[in-house]
Each structure stands twice: as C-alpha cells, then as structure tokens.
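Coordinates in review
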Amino acid sequence: MLALSVGSRSGDAQQLQANCVLPSQTPVWLDFADGSVPFWNLFAKPGVVALASNLIYPPKLREAGAQTVYFDLYLNRRVGTPSAPADPSTIVAKANKFYDYAAQAMDCSNPVIAENELFGAWLATPWSPTAAQYRANVLLFLQTLKARGAQPWLLVNSRPFTAEGQALDWWRAVADTAGIVREVYFPAPLIYKQGPIAGSRTLRQSFRQGVLDFTKMGIPVSKLGIFLGFQTSKGQGGREGLEAQAWFRTVKWQVLAARYVAREMKFSSVWSWGWAEWKTTPGEMDPAKWRAACVYLWTRDPKLCNAPHAAGKGFNKSLAEGQPVLATGLRCQIGGTAVRWSAINPLVKLTGDAELAFSNAFARAVEQRAAGITSADVLAAERSIVSARFGGSRDAYLSAIGAAGTNISVARGVIGDELRRARIESRLAVADPSASQIADFHETYGDLQARLVQAKSPEQWLGGRRSGYALASVAPPQLMNLSSGRWWALWSPLGTVQVRPLGPPLPLGSVPLGNATSGIRAALVAQAREERFPSWLTAAQRAALPEAICWRDQLPVLGEVDLTNYLPFLALSS
C-alpha cells in the first residue's frame, strides 16, 4: 500500500499506510457498518466501502477486505445548530482535532469523511443571524477538513432552498469544498402498495429530483450522491411495519432504482443507512434487518451475499421486475400495448407540440385496450367521410389532409380514435333524461332535422327501438339524404345498419313531442355520454399508470387530446 505521512496539529508525525481514494467506478456504493450494526461483518469483505466511526471497527473492516469511510454522527456537536451555532472561533481547532482522529481511524491522510448532517437545508433567505453563523460554521469546518487533505461529504436530509444570492452562493461554496449526499427515504408500505412498476418509478423519480435540486445550481454530478434509508423505527421512513418478504422486495427495488438513475445521471455515489440496532431505540432492534442488508448487497452484486438463502422462502429473486426496459422504438409499454415513437413523431408535426402528441398516443393506447377496431373498420369509416364530406372525391379528401400538413396514415389514426371513442361512449352509463329535459330539447332544437325510419335491429339512436324518429345529431351520416320506401345498408360508427326511411326529413319542432320522445331521449343520452367520455378516459389512463413503463419515467399529461381540432373533417359526430 502507498505510505503517506501527515503531521498532527500537535506536531507528532504519524505513518499512515492506506490510500483512501474511493473506487473509480460510478456509482460507488457506501454502507453504514460500524459497531452499532451487529452484523457488521456482513459488510466486511472486498467490494464494499463501509461507513464506520472510532478506532475499533474500521481496522477490522479493512482487515477483511473492505474499504472504509469515516462516518461522523455528531456534526452538530462541532458546529452547532441554526438556532444555536457554535462559537466560530472554535471551528478550526475542532476540525483539526477531528481530522487527526479520522485520519488515524482510516489509516490515511486523505480520509473520506461523511458529515451527518446539515440542519435546516430548507431555510429560506435572508437567514437569521444565528442561521447565517451556523452555515458559516459548517462551511468553515468542511474547508478546514479539506485543507488538511480530507475528502468531506455533507449529508442533506431535506430539499434545499437554493434561491439566487445568499443561499445559492453558500451551496456553491460547499460544492467547491465537499461532496453533497441527499438523503431520500421512503416508507416501504407506500412503495410496496404501488407495485413493482409504479413503486420503482416513484423511487427513480425521487432520486432524480434529489440530484436535480443541486445540478440546477451548477453543481457537477461528480460531487453528488444519494443516501438510502432502511430504518425500522416507525415514522422514520423505512420498513414502517411492512411484512418481511414485502420489505425485502422494496429494498431490492431501491437498489435497482438507485443503480438505474446513477447510470443515467452519472452521479458519484449511493450510500445506505439504517442497519444499526441501538438498544436505546427499540424500534431499530429488528431481527429481519440483517436479511434486508443481505438483499441490499445481493441485488447490486450476487457475490456479496446470498439473499435467496438469507431472505428465505417466498423471496422474489427477479432483478427485472419494475425496471424501465423498453424494446427498440418504444416510448411506453402499457402491459401488452405499445406506444411507439413512430406513432408520436407524426403527431408532433401535426400539432407542433411534443407533449400533446405524446398524450394523444398514450390515450390511444389506453383506448385500444377498451375498444378494438380493425383496419376494415377504419377504411369503411373513411369511405363514409369521403362520400359525406367530399362528394365522393378521394382527391379532395387527400388534398384536405395535405393542407393540414399531415398524411393518410395520421388521418386514419384519427379516424381510429373517433371509432374507439364512439364504441366506448356507447357503453358508458349515464342518467336517463327527465321529462322536462326532453321537452326543453324539443323546444330548443326545433330546427333540427328528424326523420321517421325503420331499422332491422334495435338501435341506440332510436332509443333502443326498431322504429321511430331519428335525429340528425345522432343518426348515422347520410340518413337524412336517403330516399324513402326502400331498405338501405348504412355505415355507422358502431357498424353497418339496415334502415328504411318512412318519410321525408322534418323539422323536429313540427313533430309532436310524444312521437319524438324516444329519438330525443337517445340524443340526450348520446350527449351525456359524450360529456362523460373525457373523465372516463382520464380515469382509464390513471388506472393504466401502475403498469406503464415509459422512457425515463416521463409520463404524459392525462386527459383527452382531440385531433379533430386539427382535422375537423374527420369528426364522426356532427
């Protein structure tokens, strides 16, 4: 090993044998494993960087092959608190004395030192005089350690206040001196309840946010880490009473999530805490804790511990569950339904809005699970549109599509959206219209066309009957244009219908209310279903989220995106 020497403040020379440079791979994993952890020897092996204090356990850990980092549990004793800062004239001496001790414990002149922890990271500026002195003390303590050769890391247990000025300057000064580790703890029952996909997504999103809070200040990812907590006392954001096998599973998810985000964002390190069992804290005396630690080690490297054996019967060994692994070309996967980039990109060109395009593609995938349609259905609807809106001219139809800045494939996708919507709406339960609503409709929409017709099967637009007055607002397209007295095969969004007009179209106001009641009721029901559809779709999208795996966990804005706003001639409802 490299021999290094450092002069103590008392002038005595120490010969320190180790070199405490951390491993070069990203991320570095560091685990709390001092004498308060009864199973500390679980971490005493090559491939582990162990966090420990005092002069007893660090040498034992190193003898077994682990690398060690000094974990200072008592930063507040050295620098004070925001409401009661230490005398600033004492800080340098305290830092020098502590450095000498930590260097001896780590057996190196460049010890990595974790300082637990900053109080009041969330405090807004301007700081009170005591809070400002406390922050100055923390910074001076870290700067003194660094000047002696140490590699300090500051633990931060809450989201930082980072506004321009006093706060931003302080955080940047800390990052010039030390690394920063953001503590990100989770109640295991909350994560477990969400399931492997949504729970793992919650973990990843929180880890990202914990790092982004600092990178947005210009702090490089090489100076940042995240701290995971596996405490077992209630109210501490750890096990929180969760059944053992379920807890082990969430421990595994945390490791996988931390590794994924670390590789994505390339931040420095992942730290673990909560393995200690203090007799003064009965909630931390947990017989399952060592098993959870084994799961933690095994998940990141199976050579570090035999978790399937330690965790026992029922342990879920999958290292793939909940992971955001997508096949090439996929933006999202919702169960067996894919949302492809190739489906989104043309919609970006149509709408000019990438988020809108993604939302539509995601909604379309959800609707596909609720209402299947075929290419034949789409082509039949397209022929009806060309006939009804373009006088049968396909050239005029294609010209309209081109004028909208899109292509036939996108247009047929929108027609598919319209068909799925019609089929879903036809199944939505809504309240039956009242007699007064029917009468009001008759009076208000007296100019609406109505036509007496007969159908070969009960139809929704006839109020579930085979004959009656059909209203132009809900009847199949072109019904009002057919000649009377003969049967016609007429396309509708719900399928082809056989219908025979029994008379000419009439203004609704000229038809006695009693004769038109069924048709009006059908129109009001259709209107209510149309109004309910957006809330149904939002609920269906939300219900799909627990099984949705999306690129970088970026989810769409939920809700309806009606592309007929861009291609109005494709709307199947008038």
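Quick caveat: nothing in here was measured; it's all calculated off a predicted structure. (Residues numbered from 1 in each chain as written. Predicted model: local features only at pLDDT ≥ 70, side-chain atom pairs only at ≥ 80, totals over all residues. Heavy atoms only, no water.)

**Notes on the sheet that holds strand β6 (residues 112-118)**
If you walk around this closed barrel you meet the eight strands as β3-β4-β5-β6-β7-β8-β9-β10, and the pairing is parallel. Within this sheet the neighbouring strands show an average axis-to-axis angle of 25 degrees, counted without direction. With respect to the sheet, helix α3 (residues 91-106) is in contact with β4 (49-52), β5 (67-72) and β6, its orientation differing from that of β5 by roughly 150 degrees. Helix-sheet contacts for helix α8 (residues 289-300) involve β3 (28-32), β9 (224-229) and β10 (269-273), and the interaxial angle to β3 is about 170 degrees. (Pairing = 2+ DSSP bridges. Helix = DSSP H or I, 4+ residues; strand = E, 2+ residues; numbered from the N terminus. Axes fitted to C-alpha atoms, helices over the stretch in contact; angles between N-to-C directions. Contact = heavy atoms within 4.5 Å.)

**Here's the deal with the layout of surface pockets**
Remark: the empty space left among the atoms is shown by a probe the size of a water molecule rolled over them. If you add up the space inside the second largest pocket, you get close to 440 Å³. Lining the second largest pocket are 21 residues, with Ala343, Arg364, Gln368, Gly413 and Arg420 positioned closest to its centre. Only β12 (337-340), α10 (341-351), α11 (354-370) and α14 (408-425) provide two or more residues apiece to the lining of the second largest pocket. A per-element tally of the lining of the second largest pocket places α14 first, with six residues. When its residues are assigned to classes, the lining of the second largest pocket shows 11 nonpolar, six polar and four charged. (1 Å grid on protein atoms, 1.4 Å probe; cavity = no way out; pocket = protein on both sides within 12 Å on 5 of 7 lines; lining within 4 Å. Points joined across faces, edges and corners; volume = space filled by probe spheres on them. Nonpolar A, V, L, I, M, F, W, Y, C, P; charged D, E, K, R; others polar.)

**Digging into the sheet that holds strand β18 (residues 548-550)**
If you walk across this open sheet you meet the three strands as β12-β11-β18, and the pairing is antiparallel. The open sheet is flanked by β12 and β18, the only strands paired with a single partner. Here the average twist between neighbouring strands, direction ignored, is 15 degrees. Where strand β11 (residues 330-334) lies against β12, four bridges are found, and the strand directions are antiparallel. Along β12, the bridge assignment pairs Cys332 with Val339.

**What to know about the packing of helix α13 (residues 394-403) against α14**
When two helices pack together, their arrangement is given by the angle between the helix axes and the distance between those axes. Across the interface, α13 lies against α14 with an axial gap of 9 Å and an inter-helix angle of 95 degrees. Classified by the interaxial angle, the pair formed by α13 and α14 is roughly perpendicular. When α13 is examined against α14, the residues Arg394, Tyr397, Leu398 and Ile401 are found in contact with a partner set consisting of Ile408, Ala411, Arg412 and Ile415. The residue inventory of the contact of α13 with α14, partitioned by class, reads six nonpolar, no polar and two charged. (Parallel < 35°, antiparallel > 145°, perpendicular 65-115°, else oblique.)

**Examining the state of the cysteines**
Enumeration over the complete set of coordinates arrives at three disulfides. The disulfide that involves Cys20 links it to Cys108, with 2.0 Å between the sulfurs. The S-S bond linking Cys20 to Cys108 shows a torsion near -105 degrees; that makes this disulfide left-handed. Highlighted residues: Cys20 in the loop between β2 (13-16) and β3 and Cys108 in the loop between α3 and β6, separated in sequence by 88 residues. (Disulfide = S-S within 2.5 Å.)

**Side note on the nonpolar core**
Core analysis: the biggest nonpolar cluster contains 110 residues, and Phe43, Phe207 and Trp275 have the highest contact counts within it. Val339, Tyr397, Ala548 and Leu563 belong to the second-largest nonpolar core, a separate cluster that totals 37 residues. (Core = buried A, V, L, I, M, F, W, Y, C linked by side-chain atoms within 4.5 Å. Buried < 20%, exposed > 50% of the residue type's maximum accessible area, 1.4 Å probe, protein only.)

**Some details on the environment of Leu242**
Within the fold, Leu242 resides in the loop between β9 and α7 (244-265). Setting aside chain neighbours within four positions, we find Leu242 in contact with Ala188, Pro189, Tyr192, Trp247 and Thr250.

**So, the packing of aromatic side chains**
Any aromatic ring pair is given by two values, namely how distant the centres are and how the planes are angled relative to each other. For the structure on display, the rule yields 31 aromatic pairs. Summarising the aromatic geometry, the rings of Phe32 and Trp273 are spaced 4.8 Å apart at their centres and angled 70 degrees between planes, so their arrangement reads as edge-to-face. Here the residue Phe32 occupies a position in strand β3, and Trp273 occupies one in strand β10, the gap between them amounting to 241 residues. On the basis of an interplanar angle of 80 degrees and a centroid distance of 5.6 Å, the ring pair of Phe186 and Phe207 is categorised as edge-to-face. Here Phe207 lies in helix α6 (residues 188-215) and Phe186 lies in the loop between β8 (179-183) and α6, a separation of 21 residues in the sequence. (Phe/Tyr/Trp six-rings, centres within 6.5 Å; stacked < 30°, edge-to-face > 60°.)

**Re the pattern of salt bridges**
Across all of its chains, the model carries 21 salt bridges by this definition. The salt bridge involving Arg148 is made with Asp100; its shortest N-O contact spans 3.0 Å. Residue Arg148 is found in the loop between α4 (129-147) and β7 (151-156), and its partner Asp100 is found in helix α3; the two are separated by 48 residues along the sequence. Each member of the pair, Arg148 together with Asp100, is buried. The partner of Asp553 in a salt bridge is Arg208, and the shortest N-O contact between them spans 2.8 Å. Within this pair, whereas Asp553 is found in the segment after β18, its partner Arg208 is found in helix α6, the two being separated by 345 residues in sequence. Considered together, Asp553 and Arg208 belong to a single accessibility category, that of buried residues. Counted as one network, the salt bridges with shared partners bring together Arg204, Arg208, Glu264 and Asp553. (Salt bridge = Lys/Arg side-chain N within 4 Å of Asp/Glu carboxyl O.)

**Topic: unusual backbone geometry**
Phi is mostly negative for residues that are not glycine, and the peptide bonds are mostly trans. Thr26 connects to Pro27 through a cis peptide bond whose omega is 0 degrees. By the secondary structure assignment, Pro27 is in the loop between β2 and β3. Put simply, Thr125 and Pro126 share a cis peptide bond, and its omega is 0 degrees. With respect to the secondary-structure elements, Pro126 resides in the loop between β6 and α4. Backbone geometry at Arg552 places phi at a positive 55 degrees, although glycine is not the residue there. Assignment of secondary structure puts Arg552 in the segment after β18. The exposure class assigned to Arg552 is partly exposed, which follows from its relative accessible area of 41%.

**Let's talk about empty space enclosed by the protein**
As enumerated under the stated definition, the model contains one cavity of 30 Å³ or more in all. A volume near 150 Å³ is recorded for the largest cavity. Residue lining of the largest cavity: 15 residues in total, with Asn360, Glu367, Asp417, Val561 and Asp562 positioned closest to the centre. Elements with a minimum of two residues in the lining of the largest cavity: α11, α14 and α16 (513-544).

**Details of the confidence of the model for the chain**
Mean pLDDT for the chain: 94, with 97% of residues reaching 70 or above. For residues 1-13, every residue scores under 50 in pLDDT, and the model assigns this stretch 31 contacts once sequence neighbours within four places are set aside. (pLDDT = per-residue confidence, 0-100.)

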